[in-house]
Amino acid sequence: MDPDADEGEAYVEQDWRKFPFHELSSNPVLEKWALNQRSRLKDKVEEAKPENLSIDSRLDPREKQLAKRLDPIKALNKEWHKITAQRFVICVNMLGKDVADYLTLLSIPIQNSDWMDFDCMKWLRRARYDQAETLQVLPTNFPPENFSEPVYHWKRGKTPCCYLLRRPQVKMSIHWTAVKALVKPKDIHDQVRIIQALFYCGMDSECFNTVVSKCILENAWRKVSGWHTLDLILDFVFLALLAANSASMIYFKQGPPEWLFWPTILFIARAAMNTVVMFVSHWVELGCMDGFYAVMTKWNIAMLLVEVTNAINLGNMFIWGKHTIKPDMTCDPMDHDKGNGTHPGTQECPLVLHPVKFALAVGLKWIHFIFELMNTKGLGHSVLPAFKAVTGTDALAFMVFLMIIVFGTVQTYWALPIREHLPKDGRSVFALVFMKVFRLELLGDFDISELEGEDPVLKGNWSGDHLSGHIEEAKESELFHDAVMIIVLFASVVVTVLSMNVAIGVVSTAYSNNKANSNQLYCHFQSGYAFKLLLRRAAVHTISPRLYHCIFRDDGANQDDAQQEEDGYFIGFDERWFMDSNDLDEEFELLQETISQNRQKLDNIASKLASGETTDKAAKSRAKNKKRR
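Small disclaimer: the values here were computed from a predicted structure and weren't measured.

### Observations regarding the overall build of the protein
Check the secondary structure of the protein and you find 25 helices and eight strands. Burial statistics for the protein: of 629 residues in total, 43% are counted as buried. Contacts spanning at least 24 positions in sequence make up 76% of the contacts within the protein whose residues lie at least 6 apart. Accessible area of the protein: about 35400 Å², with a carbon and sulfur share of 59%.

Here's what the structure looks like:
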């Protein structure tokens, strides 16, 4: 026995509460075990491919042909049935960004041309075409017990509303898999860990461009999509309440009425509670260490800051603080008398006293709401590639480079002792200088006289109560004109024209690459949100299983007894919608692999022909020798 294999199996048998998720990547024994698992599974998949089967359609009877096709699939099914949630999590974590190769081995394509002649697979004719964006996961037994009856009766997709919404017919791809423990796990805890492992593979891993991983995510999202919709509705209602508070202050000059005040308080409490729920669900389900590592992701931290900032700002205005909002209180937006140490002031409404806090809370809530909307298919597939292009490494690096140039120009321009840039009470000198340079370099909006600190000249004459005159351009500054012109020429050519066009090219190139991987980007983003919502369900199940089954009635054991008896699933899908198309590099690699395989086959044929010719020559020489004798 291999000691490494024994240690790998010991990890496989561990309960989730004792499973060292954060230690997997640093264990070399598990890495070797995962590579062996992938290698063994790859051999089984290769044996089941039709091109590797020795079938002679002219000599072998139909029953023998079918048996030769099905025996490797039976062996592959046994190998797939061994893959538990723990095995899958270990393999996915150890393989990292190369996990797509492993996930591809979890299903095999079913080609119509290979199976149409057999009665049990006649249903493939009906499954060849279906509506676009269709996904069907069909539980069944394969190989079947009765070869003369169809394995499954394909039901084509139907448009629920009307014929006008019907999608076009497209060619469907059919795959077979027997990884039942992954596609539809037996309990919520397994599903949480499976989604977590796929999410941690990263945005560039291509892990969601495989059939089984996409089905895993579809099943998980179907389970939490209702709660996601509820979150969207509640967040939109919260934004509407905040807008109503602003309208009450602006148009009616008073605080929110009773019917508006108390719902706003409840939604502020919900914002604070979301933060508590996130920490508690991670701690209860994943434990201290795994829960801490799961929380400390950039998205969780960003959303955590948004929720905490909103709860603190709005709580300080509505619940606690020196001045809090009261129902129907006076809120005159024209009264800005805050008072001082000796004078209390006439304005006590926080909506007027702290407008920046309230505006920040509204803006951050909109950001949170927009990110939630990214989980919808329409926005996710279209907007996420653009978002990643703008926030990608190349784009951010170039933005930092531009800002360094801007700050260098700001200091250069600030060194000129222009009169309006000198310190004065109630005026931010640096902000004035920065905005002038910002407009000049990034927007191309500038005026020479404004940069020199000179004002236009008004010339005219008074005649009684009337002024007749004209405005002349500002005089050229003798002291600063040359320096300002040099700054303008440098900034307008180097930054406004050259650098901004380069920035557009960087973002455009990144967007083109990201658009080709839009399915992977969208699924990775959606898996992170699904993981967070599934954690809440799992935490409820850990705390009180009875309460869990009362709240989440659709879950139960997650699989019917009849479905548990099935061998696996036929998965039918529209490949153009289901997965990203291969890019040029992937196509080139596939072409090279095909060429090398064909070259190897030609070499084998040539060697066989050469050995045959040698045998023929030897036989002819022996025949000649016999004749001579």
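### Let's talk about the state of the cysteines
Between two cysteines, a covalent bond joining their sulfur atoms is known as a disulfide. For the structure shown, the criterion picks out one disulfide. Note that Cys 331 is cross-linked by a disulfide to Cys 349, the S-S spacing being 2.0 Å. Around the S-S axis, the bridge from Cys 331 to Cys 349 shows a dihedral of about 80° and counts as right-handed. Within this pair, whereas Cys 331 is found in the loop between α13 (298–318) and α14 (350–353), its partner Cys 349 is found in the loop between α13 and α14, the two being separated by 18 residues in sequence.

### Observations regarding the side chain of Thr 275
Within the secondary structure layout, Thr 275 lies in helix α11 (residues 258–286). Those residues in contact with Thr 275 that lie beyond four places of it in its chain are Leu 304, Glu 307 and Val 308.

### Some words on the environment of Gln 86
Within the secondary structure, Gln 86 sits in helix α4 (residues 85–95). For Gln 86, a relative accessible area of 14% corresponds to the buried category. A C-alpha to C-alpha distance of 10.0 Å links Gln 86 and Ala 181, two positions 95 residues apart in sequence.

### Considerations on a positive patch on the surface
Residues Lys 122, Arg 125, Arg 128 and Lys 171 make up a contiguous surface patch of positive charge. Residue position: Lys 122 is located in the loop between α6 (112–115) and α7 (124–127).

### Some thoughts on unusual backbone geometry
Phi at Lys 253 takes a positive value of approximately 55°, unusual for a residue other than glycine. On the secondary structure map, Lys 253 appears in the loop between α10 (211–252) and α11. Even without being a glycine, Asp 328 presents a positive backbone phi close to 60°. Locating Asp 328 in the fold gives a position in the loop between α13 and α14.

### Observations concerning the side chain of Ser 449
Secondary-structure assignment places Ser 449 in helix α19 (residues 448–452). According to the relative accessible area criterion, Ser 449 is buried, its value standing at 18%. Residues contacting Ser 449, with those up to four places away along its chain left out, are Glu 454 and Ala 474.

### Side note on a nonpolar patch on the surface
A cluster of nonpolar side chains, Met 289, Phe 292, Tyr 293, Met 296, Ile 301 and Leu 305, forms an exposed patch at the surface whose accessible area comes to about 590 Å². Of all the secondary structure elements, the ones that give two or more residues to the nonpolar patch are α12 (288–295) and α13. Here the nonpolar patch takes three residues from α12, the largest share from any one element. Among the secondary structure elements, Tyr 293 is positioned in helix α12. Here Tyr 293 falls in the partly exposed class, since its relative accessible area comes to 44%.

### Re the sheet that holds strand β3 (residues 135–140)
Strand order in the open sheet formed by four strands is β1-β5-β8-β3, and the pairing between neighbours is antiparallel. Two strands in the sheet have a free side with no partner beyond their single neighbour: β1 (108–109) and β3. Where strand β5 (residues 173–177) meets strand β8 (residues 568–573), five bridges bridge the pair, whose relative direction is antiparallel. Bridge assignment links Trp 176 to a residue of β8, and that residue is Phe 570.

### Description of the nonpolar core
Trp 80, Phe 88, Leu 106 and Trp 115 are the most contacted members of the largest nonpolar core, which totals 92 residues. Per element, the largest residue contribution to this core is ten residues, and it comes from helix α21 (residues 518–543). Counting residues in hydrophobic clusters, the runner-up holds 20 residues, among them Cys 331, Cys 349, Val 352 and Ala 361.

### Describing the confidence of the model for the protein
Chain-level statistics for the protein give a pLDDT mean of 82 and a share of 85% at 70 or above. The least confident element of the protein is helix α23 (residues 561–564), whose mean pLDDT is 46; the most confident is α10, at 93.

### A closer look at the pattern of salt bridges
Counted by the stated rule, this structure contains twelve salt bridges. In this structure, the salt-bridge partner of Arg 270 is Asp 231, at a minimum N-O distance of 3.5 Å. Residue Arg 270 is located in helix α11, and its partner Asp 231 is located in helix α10; the two are separated by 39 residues in the primary sequence. If you follow the salt bridges from partner to partner, you end up with Asp 231, Asp 235, Arg 270, Glu 307, Lys 365 and Arg 536 in one network.

### So, the environment of Asp 482
Relative to the helices and strands, Asp 482 is located in helix α20 (residues 481–516). Residues Asp 482 and Glu 452 lie 30 residues apart in sequence; the distance between their C-alpha atoms is 9.7 Å.

### A word on the packing of helix α9 (residues 188–199) against α10
Running from N to C, α9 and α10 point in directions that differ by 125°, and their axes come no closer than 11 Å. Considered as vectors, α9 and α10 are oriented oblique to each other. Seen along the crossing, α9 lies across α10 with a hand that is left-handed. Seen from α9, the contacting residues are Ile 188, Gln 191, Ile 194, Ile 195 and Leu 198; seen from α10, they are Ser 213, Ile 216, Leu 217, Asn 219, Ala 220 and Lys 223. Residue composition of the contact of α9 with α10, grouped by class: seven nonpolar, three polar and one charged.

Thresholds applied
Residues numbered from 1 in each chain as written. Predicted model: local features only at pLDDT ≥ 70, side-chain atom pairs only at ≥ 80, totals over all residues. Heavy atoms only, no water. Helix = DSSP H or I, 4+ residues; strand = E, 2+ residues; numbered from the N terminus. Buried < 20%, exposed > 50% of the residue type's maximum accessible area, 1.4 Å probe, protein only. Contact = heavy atoms within 4.5 Å. Areas by Shrake-Rupley, 256 points an atom, 1.4 Å probe, with all protein chains shown as cover. Disulfide = S-S within 2.5 Å. Patch = residues over 30% accessible without salt bridge, like charges linked within 9 Å, V, L, I, M, F, W, Y side chains within 5 Å. Salt bridge = Lys/Arg side-chain N within 4 Å of Asp/Glu carboxyl O. Lys, Arg positive; Asp, Glu negative; His and termini not counted. Charge placed at Lys NZ, Arg CZ, Asp CG, Glu CD. Pairing = 2+ DSSP bridges. Core = buried A, V, L, I, M, F, W, Y, C linked by side-chain atoms within 4.5 Å. pLDDT = per-residue confidence, 0-100. Axes fitted to C-alpha atoms, helices over the stretch in contact; angles between N-to-C directions. Parallel < 35°, antiparallel > 145°, perpendicular 65-115°, else oblique. Left-handed = near helix turned anticlockwise from the far one by under 90°. Nonpolar A, V, L, I, M, F, W, Y, C, P; charged D, E, K, R; others polar.

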